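# Working through the structure, step by step
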Amino acid sequence: IHGLPFHPYQNWAKRRLYLACERRAAGWCDRLITVAAMLRDAALAAGVGRPEQYSVVHSGMPLDDFVNARPDQAVRARWGVPSDAPLVGCVARLFPLKGHDEFIGMAKFLIHRASDCHFIVIGGGILRKELERKVSAAGLAMRFHFTGLVTRQEVAAAMPNLDVLVHASWWEGLPRVVVQALAAGVPVVAFDVDATGEVVLDGETGFLIRPGDIMGLARGAERLLRDQGLRRRMGEAGRALVDPEFREEIMVERIHALYEDLIGGEG
């Protein structure tokens, strides 16, 4: 389970349908794997499965590209970002509930406190034209850079060029992009939703902000932009937290052991 299909922003009928489906499906399962403890707890609170069915295995991914990436002026130049500008990034599909409106709102406040700051939106999706219009209406077109859809390798190359990653999504499981930012040594300012707090340790690897608090996002980003030492300490703490815990090899070993346990139990 990477993310629960029912959430507070659905209409009641859709939420009730998804809950019924999840509860019934859980009855057919010998074991349920969640990528975060919070998802296990939320599922159990919703009546999905029994405690003994659950195992938590963090979502593994290739981390070497992120761990080994270094700032590169050529990457900045590709997206039109000045070489010496503080850079705040958002990496997410351009879809509803991913927090792009809040990211733009945060930028409106932050630009008055960090006048040389630039913002990069990494990802593609159906909302691009709408978001570009909102950026222009806010008078920020010269400070925003939209990359469109890019590969994982391009995300890895771009990540260490950020000073701060802002993750304002309203609905997550355990956000992989936050893990990737921390692996690259980039601190994160994020809404405290779902399992985000399992990787954004408030005051240690970044700042957790109450969902919807756009000023809180801006203050967190500003604090990091103004304190290079804090950025470095949080980035180092973040990298230590996710590497090797979130490597794909670790995930595979744990799932393999779970299968072996189940097979042994049947024998």
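Residues numbered from 1 in each chain as written. Predicted model: local features only at pLDDT ≥ 70, side-chain atom pairs only at ≥ 80, totals over all residues. Heavy atoms only, no water.

## Looking at the sheet that holds strand 4 (residues 118-122)
To be explicit about the condition: Here the rule is simple: two strands pair whenever DSSP picks up at least two bridges between them. Runs of E in the DSSP output that reach at least two residues are strands. Runs of H or I that reach at least four are helices, and both are numbered from the N terminus. Under this scheme, a helix contributes an axis fitted over its contacting stretch, all axes are lines through C-alpha atoms, and angles between N-to-C directions fall in the 0 to 180 degree range. Every residue pair with non-hydrogen atoms within 4.5 Å of one another is taken to be in contact.
Sheet architecture is open: 6 strands sit in the order 5-4-3-6-7-8, paired in parallel fashion. Each edge of the sheet is formed by a strand with only one pairing partner; in this case those strands are strand 5 (144-148) and strand 8 (206-209). Adjacent strand axes in the sheet meet at a mean angle of 20° when their direction is disregarded. Here strand 7 (residues 188-191) pairs with strand 8 via 4 bridges, running parallel. Each bridged residue has a counterpart across the sheet, and for Phe191 the counterpart in strand 8 is Ile209. Most of the contacts of helix 5 (residues 100-113) go to strand 4, to which it runs at about 170°, and overall it touches strand 3 (87-91), strand 4, strand 5, strand 6 (164-167) and strand 7.

## A word on the packing of helix 5 against helix 6 (residues 128-137)
The following threshold applies: Any angle that falls under 35 degrees is termed roughly parallel, while one over 145 is termed roughly antiparallel, one within 65 to 115 roughly perpendicular, and all others oblique. For any pair of crossing helices, the crossing counts as left-handed if the nearer helix is rotated counterclockwise from the farther one by less than a right angle, and right-handed if it is rotated clockwise.
Where helix 5 meets helix 6, the closest approach of the two axes is 11 Å, and the angle between their N-to-C directions is 15°. Judged on the interaxial angle alone, helix 6 and helix 5 are roughly parallel. As for how helix 5 packs across helix 6, the hand of that crossing is right-handed. Only Leu131, Lys134 and Val135 of helix 6 make contact with helix 5, whose side of the interface consists of His100, Asp101 and Ile104.

## A word on the side chain of Ser169
Basically, it comes down to this: For every residue, the accessible area (1.4 Å probe, protein chains only) is compared with the maximum for its type, and the residue is labelled buried under 20%, exposed over 50%, or partly exposed between those bounds. By the criterion applied in these results, polar contacts are pairs of N or O atoms within 3.5 Å in which, for protein atoms, one can donate a hydrogen and the other can accept it, and in which residues neighboring in sequence qualify only through two side-chain atoms.
Inspection of the secondary structure assignment puts Ser169 in the loop between strand 6 and helix 8 (176-183). Since its relative accessible area comes to 0%, Ser169 is described here as buried. Among the polar contacts listed, one links the side chain of Ser169 to the backbone oxygen of Trp171, at a separation of 3.2 Å.

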